[in-house]
Structures are given as C-alpha cells and as structure tokens.
Amino acid sequence: MPQELLRIEAKKPGGNWTDPAVQFRKGVFCYSAAAKNVRALDLPNPRDWQPFDADWKLPPDWKRILLEGMKERLEKYRSFRLFMDICVRCGACADKCHFYVGSGDPKNMPVVRAELMRSVYRRYFTLTGRIFGRLAGGRELTEDIVKEWFYYFYQCTECRRCSVFCPYGIDTAEITMIGRELLNLIGCNTNWVLEPAANCFRTGNHLGIQPHGFKDSLEFAADELEEITGIRVDVPINRKGAEILFVMPSADYFAEPHYYTLLGYMMLFHEIGLDFTFSAFASEGGNFGLFSSHELMKRLNAKVYEEAKRLGVKWILGGECGHMWRVLHQYMDTMNGPADFLEEPVSPITGTKFENARSTRMVHICEFTADLIHSGKLRLDASRNDRWRVTYHDSCNPARSMGLLEEPRYIIRNACHRFFEMPENTIREQTFCCGSGAGLGTDENLEMRLRGGFPRANAVKYVQEKHGVNLLACICAIDKATLPTLLEYWAPGVEVGGVHELLGNALVMRGEKPRTTDLRGEPLSAEVTHA
Amino acid sequence: MPVFECEGRMYEVDEDGFLQEPERWSQDVAKDFAQTEAIADLTDGHWKVINYIRNYYLQFGIAPMVRKLCKETGYKLNEIYQLFPSGPAKGACKLAGLPKPTGCV
C-alpha cells in the first residue's frame, strides 16, 4: 500500500556516515550475475554468490585490483579525477535525487554517494589522505566498503538529475559508472545487467530473440497492421543497399505497451515510402554495457555500426530507446567513431540535414518525425487519440543527455488534442527518473523502484487529479516496462504509451480503410470513425 | 543455486524460482510450479496459454511476443493476468518452463 512507502524517515540519522555497514534486505537490491553470463562476457570471477551472503568470494587480491583499477581510471578519465577533487559539499544536489526523496537514506544524496568513493580516493591517492588518513576524510578500503559501494551504486539510475543542479557540473552518474566498473573487476555485478548484455552478444538483442523469432514478431505486427488499416506494410530485414538502418530496443517487438510504438514506426515508414531496413544482428538499440563498464558499452555499440557498414546504408535511424541515446550522443564518437563510412544524415523526404548527427550519423526518430510534420508531409487526425488525456515524461537520457525536449512534445501536440504538462521542476532538464533505469528495473528490487519512482509518479498524480490525465507518454523502453508498475502503485488509472503509438493512431495513411479501432484494438468513438 | 522442492521432487531454479533445466519440463512440472504462482488449479485456460508458450519456445527458443500470445490464445492481456497473477512474461513463462525474460521488459 502506498501509505507504507510514504513513511519516509527524513530525520538526521544516528551513527557515523563513514560506517559502511549495509543490509541487503529483499526489495532493495538486485541479484548477482549468474556465472554463465559472467563467463559469456569474459568477465572476471564467475561464481555462485548473492549480495546477502556473508562471504562474497572475492578474489584474494581484490584490494590490489580495485586500487590499481582506480589508479588507471584516474589517469585515463580527467572527468573522474576532477569529480573526485572539486566537490565543496554545498548540498545543492542533496534533495534532487529521486532515491533520496523516496528513501530518506542520506547515502542516497548524490554528494554522499560520491563521497563513498571520494573517501577511498583521498586515503590512497592524495598526499594528505595518505599521511593523515581518517583525519583528512580518508577511509580504509575494506570488504564492507565493497558491499556498501555495490549497494549504493546500484541504487543510482545514472539519470543525471543531480548534475543539473551542481554548480560545478559534477556528474554523479559518471562516478556511479566508475564505481560499477571497478566492482566489475572483482566480479561484483548484477544479473539484470549482465544477462541482457550476454544475450545481446549471443543473438543480437537483450531478450535473446533469434533471427527467425525476430522475423516472426515483425511479420505478426505487419499482419495486425493490415487488419487495423487495410494496408500491407513491408518488413525488410538485413536488406543490403537500403538507405537507412533502423535500430530499436528489442522490447519494442516483445513487450507491452512497447509493441504499439513498433506499429507506429512501421506505419510511418510505409506512409512516407522510406528506403530502410531492420537488422536481426543490430536488433537492439539499448546497451546494457553502459550499466556495467565502458569496455562492455563500447563492444555493444560497435555492433550497430558494424552492421551499418555491412549493409552499406547511408545513415542510421534510432527508435524510442532511452540510454541508447546517452551512449550515442556522449560516448560513441570517441569510442567507435567517427563513423566516416556513413553519410551525413539527410531526410530523404524533406531534405533536412541533421547537422547535430554529423559525426555519429544516427538520428533520433522524434527529430525525424517532428521534421516530417513541420514540413507538412504527414496527415494527422488527432481526434483518433481523443480517448487519451496525455502528459509527457521526459525520459532521462534523451532529455538530459541529448537535449531532446521539444520534438516529442511537437509530435504529441500534433497527434493529440489534449496534452497537459506536469509541474515545471519535474519535466525537461529537471525530469524525474522512472526509478528503474540503469539496470535496476528487476522485480527483486521492487521496493527501491517504487521509492525511487515516487517523485515522478507524484507529478503524474498531480496532473491526473488536476486535468484528468490518463496516459503518460514517453520515449524509452525501460520507461514503458517499469512505469506501468509504478503508476499502478502510486497513480492507478494512468496508462503508459509511446509517442509513436500516438502518431500511429493519428496517422492518416493513403488507401487506408476506415479505422474502427486504435492500435491497442480499442474502438474509436463513432464520430471519429465516421468523420 | 536454489532448489525448489515439491513432494520430494527437486528442481534447480534461479532466484525467482524459474526452472533452470528447460528440457526437464512436462505437464507435471507445470503443476508443481503452479503453487509457487498462487494458482490453485490449472484450468483449460491455463493450459491453452502454457502450451502455446511452450510450443513457441521449442520453435523459437524464446517466449512469444506478448501481443501475439494474446491474439493466438484469444485472451486479452488483463485476462492473462487473471489466469497468471504475475503476468505473461513471468507467471506464464515460469509454468511453461522458460527462463525469465530480461532487458527492458
């Protein structure tokens, strides 16, 4: 019951924050990675263990590995060293973290989360810390600190809301990333992150769907679209020489409500006659490598570009995926780029040059579609979405990592009559996370997800009560997977959908039969059908 | 690795209670696992869903797309939740002896 989780202890905790003891209670942590997945990725120390075990079976020289790993990264990433050095503990970030707001645990304040690592940095990598130890704010690296890091670096969704408020621009997400990467070196990782990553190498996507299953699902979607619209759309897969490679998160062709977004993409591509192809090899936009280590992120990202090269496409179009865009926008270019074997993306329909994608040569579908609407290339009947009163959740990564704020709103405003914004300090750059990103969206972690998602859900509840909102639109597959559970708990009655689902509903296709249902199979009102 | 025991029968399972040896699956196994999902009796409706998922899995090595499952069995998603309270990807897949789906689901 919501009342239970609303009892958030916000009083000053007793004890000393430097005490690393944590309790792995069911509901607030993720299970360890199964040994088979650790092996599949050639990562160190595969074994059977769980965070609640007393003995984590760390390698005998774990301390040396961690400190050497830290040293290497301090030299390699200037941002990491800077973030270790410059915090003045002003506290601007403290109450900006959804996990702190929802849990009241002071170690979930971004400043303290970072301090968990800074204290070790100080002890081993600064002169004062080496000499004065605790007096200089240093902490001895112990096994209990390893457990504390694991606990809190997997209670951060790397959403970067805190970084918006930091006067120095410290990006705590990058500290969490380094924390997870270091834990990786001694075999402390979670299954919800590593199994999708291992699957992605094995079959091309996080879910482990094989090429014949991929084809089966997309053809099923084409069959359904034919029933809804009377139009048969093409399902090109691995087609060499196509102009554009389209990459989407695998949940779009597996789960609900993601699937309706897939229908929207397919309708759009048919209607504008796009020369594109899906790929069974690059059948995943998401990159769970980002939640584990830079190395793994790089390996998974490379797959998309290898496939673009093999198929000989001109550029890549990406679907409604969240963290794919963080990887693309902030890391791809220096990891695997420049993608100079591709061309600078130009919309074949409008001639618009996507100059922002000049280097990665990958365009977000919302930019692409907003440009089509802006250029008058689509006929939209917004009344087909009249059963929805819509609000928009800025998915963290497209919003904060690539500044995609207007385009999704522009599409929604053109595809729907009734759109209502949530309060301004909970949207756009200040958007609140779903609470389940960065690989935390698993069932065993449910209590922490509901706590972390509370600020987002609270803003949804506000527009539900004020404007009767009944649909939360978003552009991230993790959002679509986890927000329904969150809203069922905090704001029942609000459903979740994709922006391209709304577009698909509204899209008037040449030669279509009179629509009687929306993409979910729900009947359209009589006036709409006969309009 | 945890073990699930039912009337003397032992099954290797993951932390969420999903069968780890998919080839061991039979209808009796599904009956044993039903109690872990708080399903008292497996009705014809349950079997329709379980058998569809199982056969799809044997052909494709994965659970069917949720929408396809609904369409092919004739159940709406909320009806599948009525049959399997933890849903198609969790409850129904568990009884059909599939591994738990992972990723953005």
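These numbers come from a predicted model, not from an experiment.

**Description of the sheet that holds strand S4 (residues 362–364) of chain A**
All names here are of chain A. The parallel open sheet is built from four strands, whose spatial order is S2-S1-S3-S4. The open sheet has two edge strands with one neighbour each: strand S2 (276–277) and S4. Sheet topology places strand S1 (residues 244–247) next to strand S3 (residues 315–318); four bridges connect them, and they run parallel. In the sheet register, Leu245 faces S3, and the bridge partner there is Ile316. Packing against the sheet, helix H15 (residues 323–335) makes contact with S1, S3 and S4, and its axis sits at approximately 140° to S4. Each of S1, S3 and S4 is contacted by helix H16 (residues 365–374), which is oriented at about 65° to S4, the strand it contacts most.

**Topic: the side chain of Thr176 of chain A**
Within the fold, Thr176 of chain A resides in helix H10 (residues 172–185). In contact with Thr176 of chain A, other than residues within four places in its own chain, are Arg113, Phe153, Cys156 and Glu158 of chain A.

**Section: the interface of chain B and chain A**
Opposite the 24 residues of chain B that make contact, chain A presents 35 residues. Of the roughly 2700 Å² buried between chain B and chain A, counting both surfaces, carbon and sulfur atoms make up 59%. A per-residue breakdown of the area chain B buries against chain A is headed by Met65, Thr102 and Cys104 of chain B, which together make up 27% of the total. Across the contact surface, chain B and chain A share six salt bridges. Of the charged contacts in the structure, one is a salt bridge between Lys71 of chain B and Glu227 of chain A, with a shortest N-O distance of 2.6 Å. Our count for the chain B to chain A interface comes out at ten residue pairs in polar contact (both at pLDDT 80 or more). Looking at the side of chain B that touches chain A, the elements with two or more residues in it are helix H2 (44–60) and helix H3 (66–73) of chain B. With five residues, the top contributor of residues to the side of chain B that touches chain A is H3 of chain B. By residue class, the composition of the side of chain B that touches chain A is twelve nonpolar, four polar and eight charged.

**What to know about a nonpolar patch on the surface**
There is a patch of nonpolar side chains on the surface, built from Leu127, Ile131, Phe132 and Leu135 of chain A and spanning about 500 Å² of accessible area. Within the secondary structure layout, Leu135 of chain A lies in the loop between helix H7 (127–132) and helix H8 (143–153).

**Concerning the environment of Phe269 of chain A**
Residue and element names in this part refer to chain A. Note on placement: Phe269 falls in helix H13 (residues 258–272). A relative accessible area of 1% places Phe269 in the buried class. Between the alpha carbons of Phe269 and Ala198 there is a distance of 31 Å; along the sequence they are 71 residues apart. Filtering out sequence-adjacent residues up to four positions away, Phe269 remains in contact with Phe246, Leu274, Phe276, Leu317 and Ile365.

**Describing the packing of helix H4 (residues 78–85) of chain A against H10 of chain A**
The relative placement of two packed helices is expressed as an angle between their axes plus a distance between the axes. Residue and element names in this part refer to chain A. At a minimum axis separation of 10 Å, H4 and H10 run at an interaxial angle of 110°. Between H4 and H10, the angle is such that the two are roughly perpendicular. The element H4 and its partner H10 pack so that their crossing is left-handed. Contacts between H4 and H10 involve Ser79, Phe80, Phe83 and Met84 on the former and, on the latter, Glu174, Ile175 and Ile178.

**Regarding the confidence of the model for chain B**
For chain B, per-residue confidence averages 93 on the pLDDT scale, and 100% of positions sit at 70 or higher. For this predicted complex, the interface confidence reaches an ipTM of 0.93, while the overall pTM sits at 0.96.

**Focus on the sheet that holds strand S6 (residues 471–474) of chain A**
Residue and element names in this part refer to chain A. Ordered in space as S5-S6-S7, the three strands form an open sheet in which the pairing is parallel. The sheet is open, and its two borders are formed by strand S5 (390–392) and strand S7 (495–498), each paired with just one other strand. Within this sheet the neighbouring strands show an average axis-to-axis angle of 35°, counted without direction.

**Re the packing of aromatic side chains**
Residues and elements named next belong to chain A. Here the structure, examined in full by the defined rule, presents 32 aromatic pairs over all chains. Ring centres 6.3 Å apart and planes at 40° place the aromatic pair Phe220 and Tyr259 in the tilted group. One end of the pair, Phe220, is in helix H12 (residues 211–229); the other, Tyr259, is in helix H13, with 39 residues separating them in the sequence. The class for Phe220 is buried, based on a relative accessible area of 6%. The interplanar angle of 70° and the centroid separation of 4.9 Å between the aromatic rings of Phe246 and Tyr265 together place this pair among those described as edge-to-face. With Phe246 in strand S1 and Tyr265 in helix H13, the pair connects residues that are 19 residues apart, well separated along the chain. Neither Phe246 nor Tyr265 differs from the other in exposure class; each is buried. Put simply, the rings of Phe24, Phe29, Tyr31, Trp49, Phe52, Trp56, Phe150, Tyr151, Tyr152 and Tyr154 pair up and form one aromatic cluster.

Procedures and definitions
- Residues numbered from 1 in each chain as written.
- Chains lettered and ligands numbered in written order.
- Predicted model: local features only at pLDDT ≥ 70, side-chain atom pairs only at ≥ 80, totals over all residues.
- Heavy atoms only, no water.
- Pairing = 2+ DSSP bridges.
- Helix = DSSP H or I, 4+ residues; strand = E, 2+ residues; numbered from the N terminus.
- Contact = heavy atoms within 4.5 Å.
- Axes fitted to C-alpha atoms, helices over the stretch in contact; angles between N-to-C directions.
- Buried area = accessible area lost by both parts, 1.4 Å probe.
- Salt bridge = Lys/Arg side-chain N within 4 Å of Asp/Glu carboxyl O.
- Polar contact = N/O pair within 3.5 Å; in protein donor to acceptor, adjacent residues only side chain to side chain.
- Nonpolar A, V, L, I, M, F, W, Y, C, P; charged D, E, K, R; others polar.
- Patch = residues over 30% accessible without salt bridge, like charges linked within 9 Å, V, L, I, M, F, W, Y side chains within 5 Å.
- Areas by Shrake-Rupley, 256 points an atom, 1.4 Å probe, with all protein chains shown as cover.
- Buried < 20%, exposed > 50% of the residue type's maximum accessible area, 1.4 Å probe, protein only.
- Parallel < 35°, antiparallel > 145°, perpendicular 65-115°, else oblique.
- Left-handed = near helix turned anticlockwise from the far one by under 90°.
- pLDDT = per-residue confidence, 0-100.
- Phe/Tyr/Trp six-rings, centres within 6.5 Å; stacked < 30°, edge-to-face > 60°.

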